[in-house]
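# Analysis of the macromolecular model
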Amino acid sequence: MKAKLWGVRGSLPAPYTPEYLEKKVRGLLQDYGEYLKDNAEGDVDGFLNQTERHRYQGFGGHTACVEISTDSSQLVIDGGSGLRRLGEKMMLGPAGLGRGEMHILMTHFHWDHIIGLPFFIPLFVPGNDIHFYAVQEDLEERIRAVFRKPNFPVPYEALPSKIHYHQIAARQPKAVGDIVVTPYELDHPDPCWGLRIENKGRVLTYAVDTECNRLSRKEMGEDAKLYENSHVLIFDAQYSFLEAAEKVNWGHASAPVGLDLAIREGIERVYFVHHDPAASDEKIMKSAAQTAEYFNKLKETYVKKNEPLPNVEWSFAPEGITIEI
Ligand SMILES: [Zn+2]
Ligand SMILES: [Zn+2]
């Protein structure tokens, strides 16, 4: 099973400003000038290979959309602005010919998770079958509302594809092809559902958006199963640790919280997403550095206790990566 991250921003799409891009380009050109002093032949690949990735690619500006795929099935999580580009890719396949079947599971209906829906081209192709899933019982009304005039010029009734709705039961597994997904409640207003996504014995936990107010297994009760025996965790790290302490009840977490959770549950890999729209690439890297500091201190406590070090890989995820589960 694979998960491709089509959008990793939270709250609002965050395109780079011309000033910010210029600053990035100037910084890179200066460094390239230095590089040329020792590498006169001007090897661009060599320069980029030794440069931090976020400096020339950035973390991206699109909001929540994840494509889960196996050899035979596909499940899209959320319709943030990243969905537009996924739609463009799908148009190259059967969806572009009006012969596609698509499955989109909505965790909740905040703007950053629905804003890509009216720009998802397969919806406008006759012959496509689009299946929406959610725990929320007003799923159909919420999708219709996205297309309601005067917010969008094409009314819902004029969409030529066939749209189907499936309300899924909380904490009950639901199969979409060979992908099995079970929703558990997160700590987020309105509310939002985290997903345990399984295929052939491998488990991905998608826990975005969540503040994780309920930290212990006991506090989480039946929702603790979201993380149990999971291999890979995609987690909400919208804020730095300090910001999360200031923004109580804003519905988002920070990386150290996800790290603690992963260590407790023995999760192998964590990808932090839902980056704040106001966070520059440098600010996200600063959060990563603070998380590394936190992780190192945590490891010291294991050394002192003479216990084996926690075995978890983690990173702040940029848009566009594909995760092998
Ligand atoms: Zn969100
Ligand atoms: Zn939200």
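Basis of the calculations
- Going along each chain's sequence as written, the residues are numbered from 1 onward.
- Chain letters start at A and ligand numbers start at 1, both assigned in the order the entries are written.
- Local features in a predicted model are, by the rule used here, given only for residues with pLDDT of at least 70; side-chain atom pairs are given and counted only at 80 or more, and totals for whole chains, interfaces and linings are based on all residues.
- For the side-chain quantities, the full set of heavy atoms in the structure was used; hydrogens and water were omitted.
- Only DSSP runs of H or I with at least four residues qualify as helices, and only runs of E with at least two residues qualify as strands; both kinds are numbered from the N terminus onward.
- To sort residues, take the accessible area from a 1.4 Å probe on protein chains only and compare it with the maximum for the residue type: under 20% means buried, over 50% means exposed, and anything in between is partly exposed.
- The criterion used for residue contact is that any of the two residues' heavy atoms lie within 4.5 Å.
- For the area figures, the Shrake-Rupley method with a 1.4 Å probe applies, and any residue is considered shielded solely by the protein chains shown.
- Note on charges: Lys and Arg go in the positive column, Asp and Glu in the negative column, and His and the chain ends are not counted at all.
- Lysine's charge is taken at NZ, arginine's at CZ, aspartate's at CG and glutamate's at CD.
- Where each domain begins and ends follows an automated or database-derived domain assignment.
- For any pair of parts, buried area is found by adding up, for both, the accessible area (1.4 Å probe) each one loses once the two are put together.
- Here a salt bridge means any side-chain nitrogen of Lys or Arg lying within 4 Å of a carboxyl oxygen belonging to Asp or Glu.
- Two N or O atoms form a polar contact when they lie within 3.5 Å of each other; inside protein one atom must be a possible hydrogen donor and the other a possible acceptor, and for residues adjacent in sequence the pair counts only when both atoms belong to side chains.
- Here a strand pair is declared whenever DSSP counts at least two bridges between the two strands.
- Only protein atoms enter the calculation, which uses a 1 Å grid: trapped sets of points that fit a 1.4 Å probe without letting it out are cavities, open sets showing protein on both sides within 12 Å along at least five of seven lines are pockets, and any residue with an atom within 4 Å of a point is a lining residue.
- Grid points are joined across faces, edges and corners, and a volume is the space filled by probe spheres set on the points.
- Classification used: nonpolar for Ala, Val, Leu, Ile, Met, Phe, Trp, Tyr, Cys and Pro, charged for Asp, Glu, Lys and Arg, polar for all others including Gly.

## Observations regarding the overall build of the chain
When helices and strands are counted, the chain shows 10 helices and 14 strands. With respect to the three principal axes, the spread of C-alpha positions in the chain is 60 × 55 × 40 Å. Looking at the chain as a whole, 51% of its 325 residues qualify as buried. Look at the contacts in the chain between residues 6 or more apart in sequence, and 71% of them connect residues 24 or more apart. As displayed, the chain offers around 15600 Å² of accessible surface, 53% of which is attributable to carbon and sulfur atoms. Looking at charge distribution, the chain has the averaged site of its 36 positive side-chain charges lying 1 Å from that of its 47 negative ones.

## Some points on the domain arrangement of the chain
In terms of domains, the chain is made up of domain 1 (2–15 + 60–324) and domain 2 (18–56). Taking only C-alpha atoms, the centre of domain 1 and the centre of domain 2 are 33 Å apart. Counting residues at the interface gives five residues for domain 1 and five residues for domain 2. Approximately 430 Å² of surface area, both sides summed, lies buried where domain 1 meets domain 2, with 53% of it carried by carbon and sulfur atoms. In this assembly, domain 1 and domain 2 are joined by two salt bridges. Between Glu 282 and Lys 24 there is a salt bridge whose closest N-O contact spans 3.7 Å. Between domain 1 and domain 2 we count three residue pairs in polar contact (both at pLDDT 80 or more) in total.

## Quick look at the pairing of strand β8 (residues 179–185)
Extensive coverage of β8 is indicated by the burial of five of its seven residues. Where strand β7 (residues 174–176) and β8 come together, three bridges link them in antiparallel fashion. Considered in β8, the bridge of Ala 175 is made with Val 180. Between β7 and the antiparallel strand that follows it, β8, lie two residues; Gly 177 among them carries a positive phi value of about 60°. Where β8 lies against strand β9 (residues 193–199), six bridges are found, and the strand directions are antiparallel. The residue of β9 that forms the bridge with Val 181 is Ile 197.

## Details of the layout of surface pockets
Empty space among the atoms becomes visible once a probe the size of a water molecule is rolled across them. If you add up the space inside the largest pocket, you get close to 270 Å³. Along its surface, the largest pocket is lined by Phe 109, His 110, Trp 111, Ile 114, Ile 115, Pro 118, Phe 119, Arg 142, Ala 145, Val 146, Asn 151 and Phe 152. With three residues, helix α6 (residues 139–146) is the largest single contributor of residues to the lining of the largest pocket. For the lining of the largest pocket, the class distribution of residues is nine nonpolar, two polar and one charged. Here the second largest pocket defines a volume of roughly 230 Å³. What lines the second largest pocket is a set of 14 residues, among which Ser 240, Phe 241, Leu 242, Ser 287 and Gln 290 lie closest to the centre. Of all the elements in the fold, those that place two or more residues in the lining of the second largest pocket are α8 (241–246), α9 (255–265) and α10 (281–305). Examining the composition of the lining of the second largest pocket, we find that six residues originate from one element, α10, more than from any other. Its residues assigned to classes, the lining of the second largest pocket shows seven nonpolar, four polar and three charged.

## Let's talk about unusual backbone geometry
Residues Lys 149 and Pro 150 are joined by a peptide bond in cis, for which omega reads 5°. Take Pro 150: it is sitting in the loop between α6 and β6 (162–167). Residues Val 208 and Asp 209 are joined by a peptide bond in cis, for which omega reads 5°. Relative to the elements of secondary structure, Asp 209 occurs in the loop between β10 (202–207) and α7 (217–220). Here Cys 212, not a glycine, exhibits a phi torsion of approximately 60°, which is positive.

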